[in-house]
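Architecture and fold: a report
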Protein chains: 2
Amino acid sequence: MKAYNLLKKHYEKIHNLNHMSSIVYCDQQSFMPKGSSTARANAMAEFGVLLHEISTDAKIADLINNAENENLDFIQKASLREIKRVYNQETVLPASLVKAQSLANSKCSHAWGDQRVTNDWKGFLPNLEEVLNLSREEASIRSASNNLSAYDSLLDMYEPGVKTKDLDIIFNDLKSWLPDLTQNVIEKQKSYTYEEDTNTYDINKQKELGIKVMKHLGFDFNKGRVDTSNHPFCGGVPEDVRITTRYDENDFISSLMGIVHETGHASYEQNLPSAYVSLPLGHARSMGIHESQSLFFEMQLGRSSEFLESIRPLIIETFGNKTIFELDNLNKIYTRVQKSKIRVDADEVTYASHIMLRYEIEKDLINKKIQARDIPELWDIKMKEYLDIDNKGDYKNGCMQDVHWTEGLFGYFPSYTLGSLTAAQLFSRLKIEKPNINESIKNGNLAEVREFLKKNIWDKASIYETNELMIQATGEVLNTKHFKEHLESRYL
Amino acid sequence: MKAYNLLKKHYEKIHNLNHMSSIVYCDQQSFMPKGSSTARANAMAEFGVLLHEISTDAKIADLINNAENENLDFIQKASLREIKRVYNQETVLPASLVKAQSLANSKCSHAWGDQRVTNDWKGFLPNLEEVLNLSREEASIRSASNNLSAYDSLLDMYEPGVKTKDLDIIFNDLKSWLPDLTQNVIEKQKSYTYEEDTNTYDINKQKELGIKVMKHLGFDFNKGRVDTSNHPFCGGVPEDVRITTRYDENDFISSLMGIVHETGHASYEQNLPSAYVSLPLGHARSMGIHESQSLFFEMQLGRSSEFLESIRPLIIETFGNKTIFELDNLNKIYTRVQKSKIRVDADEVTYASHIMLRYEIEKDLINKKIQARDIPELWDIKMKEYLDIDNKGDYKNGCMQDVHWTEGLFGYFPSYTLGSLTAAQLFSRLKIEKPNINESIKNGNLAEVREFLKKNIWDKASIYETNELMIQATGEVLNTKHFKEHLESRYL
């Protein structure tokens, strides 16, 4: 196992160097003074070049070839599979394309900032076309190397092993019932009466509450921390996980749910097996599985009546008793469903419709069935069909609202919905294994929740591919059944 | 200038990579959770190896040789001189010695932690002997390479161009008057009456006051910040300077003076010429000049009656009015002189005696005139002579109190006193150039102070060697006259 061991050593080096850039990135988002941004950008770029050289070192290819002839055990074989996947992804594109993409993507997303504000689709289109053409070129090169279809070869970057045919089954199924279900929920909620939250909440007290809830959820403060940034994220390294949120004096619920969401991501990272921490094998399985952990925490657990009941005393202890903290009232605020043009404002019922629409469009864009100029018309049709919203002419709150396509991130959107479905399927399985789980959650006992996720997801890192992981955890491949049942039971 | 330009490019790379490790170091001191320390140490070590490889790349030697035959202007010649100095310092030691030192130094300083507590000189001595032997070996190699004496070759690491003969003049002079002066000040202060500070001060309010005083001193918060750490320091990079302090509820003065001190270091760093920021030429001149800036801020400026008067309103605005904030009372607290066994607790009158003692001992240690086992006896004799303190048998508050020698840092101590003298000499010159400077300081106008330092020290970075820098700034080489006058005028 000489070659395999040399590979391991090389990836330890990469892991250590990634540690440096991860911490510097967190500093940049939370602590860096504004005037240092140019020096920081230069430092990060220099380090990025160095790290890229080390990650794409030709000796890795030789070692992979030699290791394939070595006598490896099950774990080592899985490890080699993941090294190969990551290495191929990083090396397959010619430097000229990477550079052209980097230029086109930053040109497009930079200009997008202003163009979005002025609703300037015409100005945006030529930039987007350039980004799309390069992404199509990327897809064709990746596709030739991994024998996947064009769109699947991009999807594979975020969801290894997931294919268009799997997604088509999922989204076609969603399409058949989600628009009606959404309409029914909204009709039902029309009759709800509850008190709106008009209080203001001290930011420092909100921070205190956030930390209390993170502790309740099992976040390990010995190996992580929470800070503030403009856009909430979970970063750092498994040995030092940094989450962030932002605070709004008029809305403590949004920052609190942000914290619960990121604590889901963080729990996954903090509990990845330490024996493989420096290997691709030890990384999170996929974007979708990562998102399933944050959505498990935020949606399945965090917005459940039982969880709210368990953290209500912490809320009251922090802010004093208020009438809006009455359980039924909190429940109604936490599960309000509203149709909206904006994806990031969407609740768990309407969110999948936003993704469905984007998936259908980006798939056809990469497969060259439609062109960038066709996007607005398709957007309008689908918004009407899935959410009954008239989006005509309102590009800035329509097809120009997201940063993903401007940065060439085609194939990324489906992960959000895969995360929702996975979270629901896992929670459904947990309820079968532990019939009294809701009672435990209500009583503030999350040990069984964490054990279940640890055993089925966290401990397994990237040892199995996604389908196998889901079968081992839930007895079936990913499907929409449990998500549908979850929405019906919570909202109808 | 092809070779010189290639050198410049290489040092830009090093500067960018140093940025990464500087920010990660700051994170480690202020933010890192405890449980992440092993992963962090591995990451820093890995990065250190990489950075060392790049800094000692053999191609630098070739480029230096070629650049020496190029047609360089004055600045480029100075830049090449500094590159040569830094490169030689980094490359002259064989890797085997560096490794042996690293092991011996960490063994010694690790064991010292406990040995100091238990006053265990006998246990400490063999470790220190090992460290000393390796430092002597280092000195002999450096000495052969730069034609300096053994001790001077170590001194040159911290104080380029300063030699034993310069220090002997300075310390012999100090020895001739400082012990008497100290005694006279203490006698004089015996008759002082003032109110001791028995209040407690909210830490958040202390932080607010610190920020107000930093703004008053001209710290640029657009390119830096202040945080908390166990040991105050000034770190980061010139484009993003991080200072830290620690807070004590019972003593706001100590954290405030810590902040004033570090703001002196930070002002130097923030104002180094941006055109040379990535070159050795653009770095601070020496440890002594760096310390002169912090001591200028803390001692010359910060503890002056005029400065205290200018920040008194900020103190009262922050904590409310208290009787101890009466100006005469504050003055007396801020300029109290006490003989102490402990260097880091010393005031500006007694501090130099602590350094004098260490300088005399470490010089003879490196020059093999005495052995490590002779230290305690010499320590006792000199403590008696310079500070009239009986230190016999109290190793932990005597020769075992500092971390410097345990880590092989011989040649570092003199920088503290060079800093004190330089600060006094600069302030004395400033008073000649701006006779009303004390009035300006009292009125809260520090523009002339900063202009003077910027013009004479900050703008010049490492363009000139120390003697030339001092002559240009003050018309004379460094001497003890101004420091003596300063102490006499403030304390007698």
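Up top you'll find the structure we're talking about.
Residues numbered from 1 in each chain as written. Chains lettered and ligands numbered in written order. Predicted model: local features only at pLDDT ≥ 70, side-chain atom pairs only at ≥ 80, totals over all residues. Heavy atoms only, no water.

Pairs of packed helices are described in terms of their axes, by the angle between the two and the distance that separates them. Residue and element names in this part refer to chain A. Running from N to C, helix 7 (residues 150-158) and helix 14 (residues 351-366) cross one another at 120°; their axes reach a closest spacing of 8 Å. One element, helix 7, and the other, helix 14, form an angle in the oblique class. Judged by the twist between their axes, the crossing of helix 7 over helix 14 is right-handed. Residues Ala 150, Tyr 151 and Leu 154 of helix 7 lie in contact with helix 14, whose contacting residues are Tyr 359, Glu 362, Lys 363 and Ile 366. Along the lines of polarity and charge, the residues of the contact of helix 7 with helix 14 split into five nonpolar, no polar and two charged. (Axes fitted to C-alpha atoms, helices over the stretch in contact; angles between N-to-C directions. Helix = DSSP H or I, 4+ residues; strand = E, 2+ residues; numbered from the N terminus. Parallel < 35°, antiparallel > 145°, perpendicular 65-115°, else oblique. Left-handed = near helix turned anticlockwise from the far one by under 90°. Contact = heavy atoms within 4.5 Å. Nonpolar A, V, L, I, M, F, W, Y, C, P; charged D, E, K, R; others polar.)

So, on to helix 8 (residues 164-189) of chain B. Here helix 8 of chain B spans 35 Å end to end across 26 residues, near enough to the 38 Å set by a 1.5 Å rise per residue. The sharpest bend along helix 8 of chain B reaches about 35° and sits at B:Lys175, with the proline B:Pro179 one to four residues further on. (Expected span 1.5 Å × (residues − 1). Bend = angle between axes of the 7 residues up to and from the residue.)

Our focus in this paragraph is the sheet that holds strand 1 (residues 224-228) of chain B. Residues and elements named next belong to chain B. The three strands lie next to each other as 1-3-2, forming an open sheet whose pairing is mixed. The sheet terminates laterally at strand 1 and strand 2 (234-237), the two strands that pair on one side only. Here the average twist between neighbouring strands, direction ignored, is 20°. With five bridges joining them, strand 1 and strand 3 (residues 240-245) adopt parallel strand pairing. Across the sheet, Asp 227 pairs through a bridge with Thr 244, a residue of strand 3. Along the sheet, helix 1 (residues 2-30) contacts strand 1, strand 2 and strand 3; its crossing angle with strand 2, the most-contacted strand, is approximately 145°. (Pairing = 2+ DSSP bridges.)

On to the relation of the copies chain B and chain A. These two copies of the chain differ by a rotation about an axis and a displacement along the same axis. Between the two copies, chain B and chain A, the superposition gives an RMSD of 0.0 Å; the rotation angle is 180° and the shift along the axis is 0.0 Å. Here the copies are linked by what is in effect a two-fold axis. (Least-squares fit on C-alpha atoms with pLDDT ≥ 70 in both.)

The subject of this paragraph is the interface of chain B and chain A. Size of an interface, as often reported, equals the accessible area lost when the parts are brought together. Facing the 33 residues of chain B at the interface are 33 residues of chain A. Taking both sides of the interface into account, the surface hidden between chain B and chain A amounts to around 2,800 Å²; carbon and sulfur atoms contribute 64%. Among the residues of chain B in contact with chain A, B:Met20, B:Phe31 and B:Glu46 are the three that bury the most area, contributing 20% of the side total. At the boundary of chain B and chain A, one finds four salt bridges. At the surface where chain B touches chain A, the tally comes to 14 residue pairs in polar contact (both at pLDDT 80 or more). Secondary-structure elements contributing two or more residues to the side of chain B that touches chain A are helix 1, helix 2 (37-55), strand 1 and strand 3 of chain B. Here the element with the most residues in the side of chain B that touches chain A is helix 1 of chain B; it accounts for ten residues. Its residues placed into classes, the side of chain B that touches chain A shows 14 nonpolar, eight polar and eleven charged. (Buried area = accessible area lost by both parts, 1.4 Å probe. Salt bridge = Lys/Arg side-chain N within 4 Å of Asp/Glu carboxyl O. Polar contact = N/O pair within 3.5 Å; in protein donor to acceptor, adjacent residues only side chain to side chain.)

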